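Summary of structural features
The lines below spell out each chain.
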Amino acid sequence: MTKDILFNFTDVQLAQYLEKMGQPKFRAKQVSEWLKRGAPNFQVMKNLPESLRKQLDETATTLPCEIVQKLESSDGQTTKFLLKLNDNEVIETVLMRTTYGNSVCVSSQAGCAMGCKFCASTLLGLKRNLTANEMFAQVLTAQWALRGGSDMKPNGDFNNNDVSHIVVMGTGEPLQNTENLKGFLERANHDLNISWRRITVSTCGIIPGIIELTEWGRPINLAISLHAALDPMRSDLMPINNRYKINEVLDAAFAFSNKTGRQLMIEYILLGGINDSIKCAEDLSALLCGKNCMVNLIPWNAVAERNLIAPSGNAIHRFQDILIKNGIHVRIRRERGADIGSACGQLRIKNSA
Ligand code: SAH
C-alpha cells in the first residue's frame, strides 16, 4: 500500500484527513507546523498523542523523500544525503557548511538526459523530473539535520543553524524542469526567507529555459556550464551544444544578467590534456573579454566510468594566470566532499560510495 504524503496536502486536505481520523480541529495546525520544519517522521511530533503518531506512521509519511543513507566527509563540513522518493527512485542532496553559511546542493531530476562526457549523473539516463515539493523537501531535510541532529557540529564561523544558500547543481538539468524549479524557489524564498541573491541555478545551456528565467526576473545567480570556448570541442564534451551553440547560449545568459543585475557565473571544468591548455585559456579569455562574468574553474573530479584525468596543479594555475592576465575574473572552486562522492559531477542515482 502506498502511503499518503502529508507534505503534498493543502491545509484544507490535511484538516479533512485528520478530522476523518477523529482528531480535534487544532491537530491540523500542529501537524502542519512540523511538516513546514521538515519533520522526517511522525515520532518526532512530540505534541501529538502517541496513539496518533503510531496511526499516522502506518498510513502516511511526512516528506516526499526519506533518508536512506547519510555520509559525512572526513573534515565534517560536507554531508551527502541519499534520499528515496515514493516511487523508489533515489536522489542525492549535499549540505556544505562554509564560512559564509550553510549551502544545500539540490537535485532537479532523478538521473539526467544530457549525456555530458565527464559527468556521473547522466550515466543511467533520465528517470524523471522532480516535483517542486521534492526539491523543497531536500532543503528541509538538510535544515532538519542542521538544527536537530546531535552529530552535527555548529560551524565555527557561522553560528546560524539554518540553510542560507541554495545551489541547484545536483543531479539533473534544472532548465528541463523549469516550471517545478520556479515553484520550488518561490517557496524557498517565501517560506525559508532565503534571498534570491543566495540562490544559484546552474545549466548546461538550455536557451528556452534561460529565457523563461529572464521573464520570471528574480535576481538569482545563473551559472552556465561552459567547459570549452569553441563549439567543436564543446559539442564533443556536451551533446546539448549541437542544439544550442556557445554564442547563442551566452547571449541569452547575458540578457538574463542584464535584466536581473546579477553577474553571470561561467563554470569551466578542467579536464587534463583536453581543455586545460594555454590555447584553451586564451580562447576562453577572447570569448569573455569585457563581459560582466566570473569564471569558476573546477578541476575535474574522478568518475570511475569516464576515461578522463584530472588536470595537474601546474595546468590549473597556468590556466588561471592567463585569465587573470587577460582581465577575466576567475576563481578556482574548492571541492567539497570528494571523499564521499559528493563533489561536482559525482552525484548519481545508484550510490557507489
Ligand atoms: N545540469 C546542470 C546542473 C549540474 S551542475 C549543469 O550542467 O550545469 C554540476 C556542475 O558540475 C556542472 O557545471 C557540471 O558540468 C560540473 N561537473 C560535472 N561532472 C563533473 C566532474 N566529474 N568534475 C567536476 N565538475 C563536474
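Quick summary incoming for the structure in this document. (Residues numbered from 1 in each chain as written. Predicted model: local features only at pLDDT ≥ 70, side-chain atom pairs only at ≥ 80, totals over all residues. Heavy atoms only, no water.)

Here we look at the site of the ligand
- Surrounding the ligand, one finds 20 residues, the nearest of these being Ser202, Ser225, His227, Trp300 and Asn301.
- At 3.0 Å from a nitrogen atom of the ligand is found a side-chain nitrogen or oxygen belonging to glutamate 173.
- Between an oxygen atom of the ligand and a side-chain N or O atom of serine 202, the distance comes to 2.6 Å.
- Protein chains shield 95% of the accessible area of the ligand, which is 540 Å² for the free molecule.
- Where the shell around the ligand is concerned, the elements lending two or more residues are β10 (199-203) and β12 (264-270).
- For the shell around the ligand, the per-class residue count stands at 10 nonpolar, 8 polar and 2 charged. (Near = heavy atom within 4 Å. Polar contact = N/O pair within 3.5 Å; in protein donor to acceptor, adjacent residues only side chain to side chain. Areas by Shrake-Rupley, 256 points an atom, 1.4 Å probe, with all protein chains shown as cover. Helix = DSSP H or I, 4+ residues; strand = E, 2+ residues; numbered from the N terminus. Nonpolar A, V, L, I, M, F, W, Y, C, P; charged D, E, K, R; others polar.)

Here we look at the pattern of salt bridges
- Scanning the entire structure with this criterion turns up 14 salt bridges.
- One salt bridge in this structure joins lysine 182 and glutamate 212, with 3.1 Å as the shortest N-O distance. Here glutamate 212 lies in helix α6 (residues 207-216) and lysine 182 lies in helix α5 (residues 178-191), a separation of 30 residues in the sequence.
- Overall, glutamate 212 belongs to the partly exposed group, its relative accessible area being 24%. (Salt bridge = Lys/Arg side-chain N within 4 Å of Asp/Glu carboxyl O. Buried < 20%, exposed > 50% of the residue type's maximum accessible area, 1.4 Å probe, protein only.)

Points about the packing of aromatic side chains
- According to the stated counting rule, one finds 5 aromatic pairs in the structure shown.
- Note on tryptophan 34 and tryptophan 144: the rings are 6.4 Å apart at their centroids and 55° apart in plane angle, and the pair reads as tilted. Here tryptophan 34 is found in helix α2 (residues 27-36), whereas its partner tryptophan 144 is found in helix α4 (residues 132-148), with 110 residues between them in sequence.
- Since its relative accessible area comes to 22%, tryptophan 144 is described here as partly exposed.
- With centroids separated by 5.0 Å and ring planes inclined at 35°, the aromatic side chains of tyrosine 268 and phenylalanine 319 adopt a geometry described as tilted. Of this pair, tyrosine 268 sits in strand β12 while phenylalanine 319 sits in helix α10 (residues 313-325), placing them 51 residues apart in sequence. (Phe/Tyr/Trp six-rings, centres within 6.5 Å; stacked < 30°, edge-to-face > 60°.)

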